[in-house]
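Single-letter residue listing:
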Amino acid sequence: MSRDVAIVGVGQTDCVGQHTDRSHPELTYDAVSGALAHAGLGRADLDAVVFGTMDAFDGVNRVDRWQAGGAGATDTCFMKTSTGGTTGLSAGIAAYQQAASGLNGIDTVMAVCTQRVGESENTQPILNTVYDPLFDRPLGVGAITQAAFQATRYEQTYGLTDEERAAIAVKNRQHGLDNPHAHLHTDIDIEDVLASPLVTTPFHLHECAPSSDGSAAVVMTAGDRAETLRETPAWVTGEVEMADNKYLGDRPDLAYWGSLAVAGRELSRAVGVEDPFEFFDLAEFHSPFSTREVLNLEALGFAKKGEAGDWALEGVTHRDGEMPVDPSGGNLSSHPIGATGLIKLGETALQVMGEAGDRQVEGVENTLAQGCGGNIQLNALMALSATRP
Amino acid sequence: MTNAYAVGAGVASHEECTDEVFEDPIRLSARRALDDAGIDRGMLDSVVMAGYDTEVGRSISNMYVVAPAGGTLTDEARIADDGLAALSVAAAKLQGGGYDTVMLTGYGFPEASRVQLDNLAYDPLYVRDTGMTDITANALQAERYRSEHELDRSVPARVVAKNRANGARNLNAHRRSAIGADEARRGAVVSTPLREHDISPVSYGIVSVVLTVEEYAARYGDPVHVESLGWHNDTYHLGERDLAWSASLAAAAAAAYEHSTVVADPMADLDIVELTEPTSYHELVAYEALGLCARGEAAKLVTAGRTTVDGDLPVNVSGGALAWDASAAAGLAGFVEVMDQIRGRAGNRQLDDVDRGLAHGTGRNAMQTNAVTILEATDV
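This one's a predicted model, so the numbers in the text were calculated from it and none came from an experiment. Think of each chain on its own: its residues are numbered from 1, step by step along the sequence as written. For this description, chains carry letters from A and ligands carry numbers from 1, given in the order in which they are written. With pLDDT at 70 or above as the cut-off, local features in this predicted model cover only qualifying residues; side-chain atom pairs require 80 or more to be listed or tallied, and sums for whole chains, interfaces and linings still use all residues. By convention in this description, side-chain values take in all heavy atoms of the structure and omit both hydrogens and water.

1. What to know about the state of the cysteines
Moving on, step 1. When the sulfur atoms of two cysteines come within 2.5 Å, that pair is taken as a disulfide. In the structure shown here, the tally under the stated rule is zero disulfides over all chains.
Moving on, step 2. In this structure Cys15 of chain A is not part of a disulfide, and its nearest cysteine sulfur, from Cys113 of chain A, lies 12 Å away.

Written out as structure tokens, the structure reads:
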């Protein structure tokens, strides 16, 4: 039977364009030692470690093997997951399921993800290999173009102005100013966004995530031990990971993210959520492009179809708004791809613990973290609560 | 004890994978596993995958695999290691509740140069420039074992002959010709002490297994219990290890035995063992790490013929990795061999009276990661 599991420690490095003074295992070590210190635990307390990354971005094959020392995972149960932008939450979910199942007596598990996008000259040719080698790949499609298809279809269906899109970027970058770990710390306004170079219609440069190096680690433990380690552990109340159809053109409507909606409803059933807008106190989404935040809000039931477009402009999704989204600054402030999801999970845990510093949202009880990867194909969600289930 | 029961197995052989589009043999393997279990893909609560992106030449390769393996709008998880390491992910899902039936698919589809990729797995600061690959790392381990135990060259050659004779009867295998120990001994030197036949081939193969919980296992014709499992990791740096031994395999096996209610003395209690041996020497290392014999005694098991199909503990009845090494699918290939032997469905390789067996998978860099599982006949 499933056991109660809570996050009891969070560690993360600063996200930067390139960590030139750290090797891969050293970067991993920084996040892991931070999470262990936060939890008040040592390496010997870990029963298992789940590592996540995307090899190709780092230019090292099976990079997890090299990380084992830095992750505190030599001579212990260790595995590596790799699901694109979903990786961080995939690692979090695998770690949670190990602790929840009690398989082989496992109680305490570390999830750690390190990604060094700064090692890649250009990530888009790597992303291009997720596409069918015979038909799609020669078109040169990548993460930016697929998001642009989605954004364009949304704009055609529901309407979305340049200002509304730009306000999402401004909101996230403003949030990022208060996050010492965020990669981009520049104060921008709507005019700056719209004056930045057009990357692909409709996205300007500031509406796109940066390429970041960074590492994040989260320690979870099962049962009563969590309550002895932290005053307010962040209890896992639900998780879901779901795959959509691989082919963009076979999806019924790019303006509405059907598969994410299915995943969201499954999570809501598991957690007992009737109205996500009322239930969740904040969300950390996987939104590497501005429009993605709108699609996330609508698919996950925070807003009706076509109604979330002006939320950032109107302040609804600001840290002090009715539905704070990405109080950490989100992907538009930092995006170490394979680690981003775990940063999200760690950030939501810190919010539940009331330890998010200048980015703390007041009165947080329930949070939602999202990971997304592939050609917007793989979705993962995790819900945390200050109250033990 | 785990709450995982294997109720269906499906294999796309080396031959069935070559010259095919990646997704097609995955579908073939999964379809066979579903048919074997007598269910449709709509019954799957999750698809758990194991494979390496770089080898198959596709980033986030589970994107390609999940639908042909039976999962659209279904929970999915993917491990970049051997399929038996991913078995622990599936077992945790089944044990933790919320999942009743899981498809586990391992894929080996070598569309990129393994030698080049294996070199890229070594750290770029110190080791990569030495030209280290998986083969040279395995050779270092083999040589260390050889010198530690003053191993006669005839012993690994006999391992090759045994496994290749077994593999000649396995229609799924890659190398399907039997060769004698003399021929194995005369093979071209690849990396001292390894000769060509000592090294597992770079093979294609997809292996799928349907797993379910005890409650539903009874509804299927022929369930096999995943009695216990263990997985473990070693240090990355070869210089930090005792290469004449595999500490991580010994630890993975110890975990599997600790949580098993049926295996106390593996040599006496097991009826079959299927290994993923990257070289013939590693089969010897594995005998010792699995506790089939004391350290340094593996050669005696081989020379006494105790691990042949006629011996008291047949090892690699399928031919093992020396006959077919489909990368991340290799451990699951052994899993299916043990499963079929227990179910009495191993055809021309069927042994008498198989009630329980052990399967092993490993993840390169001189067996840095290892996973072990014990399967047992069940009456549920």
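2. Quick word on the packing of helix H5 (residues 83-96) of chain B against helix H16 (residues 330-343) of chain B
Residues and elements named next belong to chain B.
Moving on, step 1. The convention used is that axes are lines fitted to C-alpha atoms, helices contributing only their stretch in contact, and that angles between N-to-C directions extend from 0 to 180 degrees. Here a strand is any run of E in DSSP of at least two residues, a helix any run of H or I of at least four, and the numbering for each starts at the N terminus. For the pair H5 and H16, interaxial distance at closest approach is 6 Å and the crossing angle is 75°. Compared by their axis directions, H5 and H16 come out roughly perpendicular. Contact residues: H5 offers Gly83, Leu84 and Leu87, while H16 offers Gly331, Leu332 and Phe335.
Moving on, step 2. Among the residues making up the contact of H5 with H16, the classes are represented as four nonpolar, two polar and no charged. Each angle is binned into one of four classes, with values under 35 degrees roughly parallel, values over 145 roughly antiparallel, values of 65 to 115 roughly perpendicular, and all other values oblique. Any two residues whose heavy atoms approach within 4.5 Å at even a single point are treated as in contact. All amino acids are sorted into three groups, where Ala, Val, Leu, Ile, Met, Phe, Trp, Tyr, Cys and Pro are nonpolar, Asp, Glu, Lys and Arg are charged, and the leftover types, Gly among them, are polar.

3. Topic: the pattern of salt bridges
Moving on, step 1. By definition here, a salt bridge exists when the distance from a side-chain nitrogen of Lys or Arg to a carboxyl oxygen of Asp or Glu is within 4 Å. Enumeration according to the criterion identifies 45 salt bridges over all chains in this entry.
Moving on, step 2. Of the charged contacts, one joins Asp64 of chain A and Arg65 of chain A as a salt bridge, the two residues approaching to 2.6 Å between their closest N and O atoms.
Moving on, step 3. On the basis of relative accessibility, which here comes to 2%, the residue Arg65 of chain A falls in the buried class.
Moving on, step 4. Arg295 of chain B serves as the salt-bridge partner of Asp242 of chain B, at 3.0 Å between the closest nitrogen and oxygen. Of this pair, Asp242 of chain B sits in the loop between strand E8 (224-233) and helix H11 (247-258) while Arg295 of chain B sits in the loop between helix H13 (280-289) and helix H14 (298-303); the two residues are 53 residues apart in sequence, bridging distant segments of the chain.
Moving on, step 5. Using a relative accessible area of 38% as the deciding quantity, one classes Arg295 of chain B as partly exposed.
Moving on, step 6. Residues joined in a network through salt bridges with shared partners are Asp55, Asp64, Arg65 and Lys80 of chain A together with Asp81 of chain B. For every residue, the accessible area obtained with a 1.4 Å probe (protein chains only) is divided by the maximum for its type, and the residue is called buried under 20%, exposed over 50%, and partly exposed between those limits.

4. Re the nonpolar core
Soluble globular proteins tend to pack their nonpolar side chains together in the buried interior.
Moving on, step 1. Throughout, nonpolar core names a set of buried Ala, Val, Leu, Ile, Met, Phe, Trp, Tyr and Cys residues whose side chains join them through atoms within 4.5 Å. Of all hydrophobic cores here, the largest spans 90 residues; its most connected members are Ile7, Met220 and Leu345 of chain A together with Leu211 and Phe335 of chain B.
Moving on, step 2. When residues of this core are assigned to their parent elements, the largest contribution, nine residues, is made by H5 of chain B.
Moving on, step 3. Discounting residues that sit within four places of it in the chain, Leu211 of chain B has contacts with Tyr5, Ala6, Leu87, Ala90, Leu94, Asp100, Thr101, Val102, Leu104, Val226 and Phe335 of chain B.
Moving on, step 4. Counting residues in each nonpolar core, the second largest holds 44 residues, with Val285, Val302, Leu313 and Val372 of chain B among its members.

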